[in-house]
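Fold and geometry: a report
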Amino acid sequence: MISLSPDEKEMLAGNQGLDKKRAMELLVKYTEALGARKLVNTNNVTVILGAIPDVGIIRKIVPTLDVDEIASKFFLDSDDRVVVSRVKAFTTTNAYFYDQRYPDLQRGGKEATELSKQIADYCARIGIVHLSTCTPYQSGNIPTKGEHCAWTESSAIAYCNAILGARTNIEGVQSSFASAITGKTPLWGMHLDENRYGKVSVKIELSMDNIQDWYLMGYYVGMHVGLDIPVYVNSKRTPNLNMLMALCAAGISSGSIVMFHIVGVTPEAPTFEIATGNRKLVKSLNFGERERRVAYEKLNHASRGDVDIVMLGCPHYSLERLSSVSELLKGKRIHPNVALYITTCRTNKYVADGLGFTETITKAGGILFEDSCGTLFDVDRSKVLATDSAKLVHYVPGMTGLKNIWFGPTEQCIEAAITGKWRGELT
Amino acid sequence: MKTIILKGRKIYGGMAEGEALVMKGGLGGMGVFDVESGTVIELGHPWINEIVGGKILVFKTGKGSSSWSMWHQTLRFMGKGPLAHIVAECNPQTALGAVVARVPSVTDLDKDPTEVISTGDWVKVDADSGLVEVRKK
């Protein structure tokens with residue numbers, strides 16, 4: 001049985017409106033389903049309301065495309081139409097919204113782009129801060145150590161837990177929406193100290209001086225740890241933002257790493273003993289040359305050297321990376337048969353516009369998207385893709401049917417965009 | 001005919017019986033189904049071309065994107081959902097997924113259901129009591 005606090009009982013009884021009642025009903029069922037006993041307050045939520053099925057499917061379920069009815073059914077799992085007044089917790093939107101300027105380049109075209117806009121407007125109407133990013137920590141939603149959050153989207157969850165030391169499980173569309181409305185989330189999993197200790201040690205044998213190696217390490221370890229938390233030891237350097245984003249994104253693509261420690265780097269791992277809580281490990285791994293190559297080969301599965309599309313910016317590109325790509329493209333022109341798509345958050349796009357990065361990318365023939373995601377692009381499945389993101393390699397085939405993908409560092413991807421050929425290899 | 005009883009706990013209540021569809025690994029959400037027909041379309045998926053509607057799904061855990069629950073909920077909206085879930089290890093995706101898919105679901109069973117149950121076995125799920133009865137084919 002779940003024990004509820006007086007304010008939770010009030011919400012459940014419907015004394016604070018139908019929206020809070022439906023949200024609390026859903027949270028109670030979800031808490032029971034997890035086997036948890038109570039809820040905890042949260043004032044930091046990210047919702048992934050853009051991740052809805054294709055507009056053709058939505059129309060079959062909600063023929064009018066009325067946004068309150070879509071929200072009631074898909075976000076709140078309510079059979080009746082509920083008009084949400086205002087969210088209680090500080091809430092921001094995750095990515096998976098369409099860049100309104102390019103309806104024809106994203107799946108579902110104009111109709112899907114318009115629906116995405118309606119959902120964005122709906123979010124703003126009920127008090128959600130529309131950031132539209134998979135990297136909220138780049139756009140002003142930065143939880144503090146120990147803060148209870150209810151976040152969605154895979155790589156951000158690992159970043160929230162491991163790098164910031166805040167606490168979140170991998171929430172879904174409906175649970176995060178219910179948390180936004182009520183300011184509550186189940187006290188379970190990553191919210192509890194005993195579930196945050198490392199279980200598998202990973203000895204880093206390489207110098208790890210480039211972003212690609214962090215993608216490869218995350219991808220390799222993700223394949224081998226199951227639901228256990230890895231503890232990286234022997235890190236010879238302090239990884240920067242881009243390296244940590246890569247590690248988070250890769251580990252939760254090949255596997256389910258929602259939390260990890262890097263001894264001497266991450267906030268809950270000042271020492272190995274503290275990171276593991278002095279508990280027994282279930283396994284030990286190494287990450288050296290052999291393991292790096294295993295991951296690289298797993299990620300490179302193209303059969304042709306001609307490249308048609310280059311996608312960068314998964315997770316949403318940082319300012320540092322936008323600056324370097326802009327530098328690589330300065331005065332260059334991409335190959336006429338190649339499309340270059342780069343995705344970032346709207347806050348970084350704003351800065352990139354002001355500093356001329358966007359103009360340089362555009363002049364070279366590329367497009368800098370805001371809000372959107374590589375898996376939302378409308379691509380022909382017979383095309384060959386090159387990307388610097390292990391996460392994109394993992395998700396693009398399932399979302400688009402495209403099978404031929406090259407993975408390599410940004411420089412090799414930009415070279416492919418300019419020449420139309422893949423010449424990358426593991427160096 | 002051999003009958004096996006497994007005992008665990010409820011994720012989401014209800015009763016169902018039908019033919020099992022079993023996989024050893026984690027089940028995804030996004031990109032796994034054609035939700036209009038309930039057919040598994042993910043490349044390399046052990047259930048590729050199988051229809052999940054009317055089946056009892058047996059799997060290790062949930063994996064992949066935060067939209068897991070939405071895809072399983074959409075199968076219900078389209079009338080193409082499975083009869084029940086039997087989950088070896090419950091996680092947020094499988095917990096929320098069962099709630100919004102509104103299918104009876106059990107977990108924490110005394111034996112690994114992905115080892116004991118084979119595709120094609122006849123299975124009864126009484127989720128409120130946490131009981132699974134397996135008739136081997």
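Counting of residues starts from 1 at the beginning of each chain's written sequence and follows it residue by residue. Chains carry letters and ligands carry numbers; both start at the beginning, A for chains and 1 for ligands, and go up in the order they are written. Totals for whole chains, interfaces and linings use all residues, but because this is a predicted model, local features are given only for residues with pLDDT of at least 70 and pairs of side-chain atoms are given and counted only at 80 or more.

Remarks on the overall build of chain B
- Under the scheme used here, helices are H or I runs from DSSP no shorter than 4 residues and strands are E runs no shorter than 2 residues, and both carry numbers assigned from the N terminus. Within chain B, the regular secondary structure consists of three helices and 10 strands.
- The linear arrangement of helices and strands in chain B, starting from the amino end, is β-β-β-β-β-β-α-β-α-β-α-β-β.
- Values of the radius of gyration come from C-alpha atoms, whereas the globule rule sets the reference at 2.2 Å times the count of residues to the power 0.38. In terms of C-alpha radius of gyration, chain B reaches 13 Å, essentially the compact-globule figure of 14 Å for 137 residues.
- Counting only C-alpha atoms, chain B reaches 35 × 25 × 25 Å along its principal axes.
- Three exposure classes are used. Buried residues have 20 or more other C-beta atoms within 10 Å of their own C-beta, exposed residues have 12 or fewer, and partly exposed residues fall in between, all C-beta atoms being placed from the backbone. The buried share of chain B, reckoned over its 137 residues, is 54%.
- We call two residues in contact when the distance between their C-beta atoms, placed using the backbone, is within 7 Å. The long-range share in chain B, meaning contacts at least 24 apart out of those at least 6 apart in sequence, stands at 74%.

Overview of the overall build of chain A
- Helix and strand counts for chain A stand at 16 helices and 13 strands.
- Here chain A holds 427 residues, and 57% of them are scored as buried.
- Considering only contacts in chain A between residues 6 or more positions apart, those separated by 24 or more positions represent 77%.

Regarding the sheet that holds strand β9 (residues 309–312) of chain A
Residues and elements named next belong to chain A.
- In short, DSSP must find at least two bridges between two strands for them to pair. One open sheet accounts for five strands, arranged β11-β10-β9-β12-β13; its pairing is parallel. A single partner strand is all that each edge strand has here, and the edge strands are β11 (366–370) and β13 (404–407). On average, each strand axis in the sheet is tilted by 20° relative to the strand beside it, whichever way the strands run.
- Here four bridges tie β9 to strand β10 (residues 339–344), and the two strands are oriented parallel to one another. Residue L312 lies in a different strand from β10, and its bridge partner there is I342.
- Only the stretch in contact is used when fitting a helix axis, every axis being a line fitted to C-alpha atoms; angles between N-to-C directions are given from 0 to 180 degrees. Against the sheet, helix α16 (residues 410–419) touches β9, β10 and β12 (384–387), its axis set at about 150° to β9.

Quick word on the interface of chain B and chain A
- Every contact between the two is made by 26 residues of chain B and, on the other side, 29 residues of chain A.
- Every element with two or more residues in the side of chain B that touches chain A is listed here: β2 (9–12), α1 (68–77) and α2 (92–101) of chain B.
- Among the elements that take part in the side of chain B that touches chain A, α2 of chain B stands out by supplying seven residues, more than any other.
- Note that Gly is not counted as nonpolar here; it falls among the polar residues with everything else outside the nonpolar set of Ala, Val, Leu, Ile, Met, Phe, Trp, Tyr, Cys and Pro and the charged set of Asp, Glu, Lys and Arg. Of the residues that constitute the side of chain B that touches chain A, the class distribution is 14 nonpolar, eight polar and four charged.

Observations regarding the sheet that holds strand β10 (residues 131–135) of chain B
Residues and elements named next belong to chain B.
- Within the open sheet, the eight strands sit side by side as β1-β10-β9-β3-β6-β7-β8-β2. Their pairing is mixed. Looking at which strands have only one partner, the edges of the open sheet turn out to be β1 (3–7) and β2. Taken pair by pair, the neighbouring strands of this sheet meet at an average axis angle of 30°, ignoring direction.
- When strand β3 (residues 15–22) meets strand β9 (residues 122–126), the two strands line up antiparallel, connected through five bridges. Paired with M15 across the bridge in β9 is D126.

Notes on the packing of helix α2 (residues 18–34) of chain A against α2 of chain B
- The interhelical angle for the contact between α2 of chain A and α2 of chain B, taken along N-to-C directions, is 130°, at an axis separation of 9 Å. In this view, α2 of chain A runs oblique relative to α2 of chain B, as classed from their interaxial angle. Where α2 of chain A crosses over α2 of chain B, the two elements pack in a sense that is right-handed. On the side of α2 of chain A, the interface is formed by L26, K29, Y30, A33 and L34 of chain A, while α2 of chain B contributes P92, A95, L96, A98 and V99 of chain B.
- When the residues that make up the contact of α2 of chain A with α2 of chain B are grouped by side-chain class, the tally is nine nonpolar, no polar and one charged. In these notes the angle categories are as follows: under 35 degrees is roughly parallel, over 145 is roughly antiparallel, 65 to 115 is roughly perpendicular, and the rest is oblique. In a left-handed crossing the near helix is turned counterclockwise from the far helix by less than a right angle, and in a right-handed crossing that turn is clockwise.

Brief notes about the domain arrangement of chain A
Residues and elements named next belong to chain A.
- What fixes the domain bounds is an automatic or database domain assignment. Taken domain by domain, chain A consists of domain 1 (6–191), domain 2 (197–298) and domain 3 (300–419).
- Centre-to-centre separation of domain 2 and domain 3, based on C-alpha positions: 26 Å.
- At the interface, 15 residues of domain 2 touch 13 residues of domain 3.
- Here the residues of the side of domain 2 that touches domain 3 sort into eight nonpolar, six polar and one charged.

Structural notes on unusual backbone geometry
Residue and element names in this part refer to chain A.
- With an omega of -5°, the peptide bond running from C314 to P315 counts as cis.
- The phi angle at Y96 is positive, at roughly 85°, despite the residue not being glycine.
- Within the secondary structure layout, Y96 lies in the loop between β3 (91–93) and α5 (109–125).

Some details on the environment of V52 of chain B
Residues and elements named next belong to chain B.
- Residue placement: V52 occurs in the loop between β5 (39–40) and β6 (56–59).
- The sequence separation of V52 and T74 amounts to 22 residues, and the corresponding C-alpha distance is 13 Å.
- Beyond its immediate stretch of four places on either side in the chain, V52 contacts L21, F33, G38, V40, L57, L75 and P82.

Re the environment of T185 of chain A
- Tracing the chain through its elements places T185 of chain A in strand β4 (residues 184–186).
- A sequence separation of 156 residues divides T185 of chain A from K29 of chain A, and the C-alpha atoms of the two residues are 12 Å apart.

Comments concerning the pairing of β9 of chain B
All names here are of chain B.
- Residue alternation in β9 divides its side chains into a buried set, V123 and V125, and an unburied set, W122, K124 and D126.
- Here β9 runs beside β10; their pairing, made up of five bridges, is antiparallel. By the bridge assignment for β10, V123 is matched with V134.
- Between the antiparallel neighbours β9 and β10 lie four residues, among them G130 with a positive phi of about 70°.

A look at the pairing of strand β5 (residues 200–204) of chain A
Residues and elements named next belong to chain A.
- One ladder, built from four bridges, connects β5 with strand β6 (residues 230–233); its direction is parallel. Across the sheet, residue V200 finds its bridge partner in β6, namely P230.
- Clockwise travel from the first strand over the helix to the second, with the strands pointing away from the viewer, marks a crossover as right-handed. With respect to chirality, the unit in which β5 leads through helix α8 (residues 211–222) into the neighbouring parallel β6 is right-handed.
- By the bridge criterion, five bridges tie β5 to strand β8 (residues 283–287) in an arrangement that is parallel. Note on β8: the bridge partner recorded for K203 is N286.

A short note on the packing of α2 of chain A against helix α7 (residues 173–182) of chain A
All names here are of chain A.
- Where α2 meets α7, the closest approach of the two axes is 9 Å, and the angle between their N-to-C directions is 130°. Overall, the two elements α2 and α7 adopt an arrangement that is oblique. Along this stretch, α2 crosses α7, giving a crossing that reads as left-handed. For the pair formed by α2 and α7, the contact residues are D19, K20, A23, M24, L26, L27 and Y30 on the first element and Q174, S175, A178, I181 and T182 on the second.
- Its residues assigned to classes, the contact of α2 with α7 comprises seven nonpolar, three polar and two charged.

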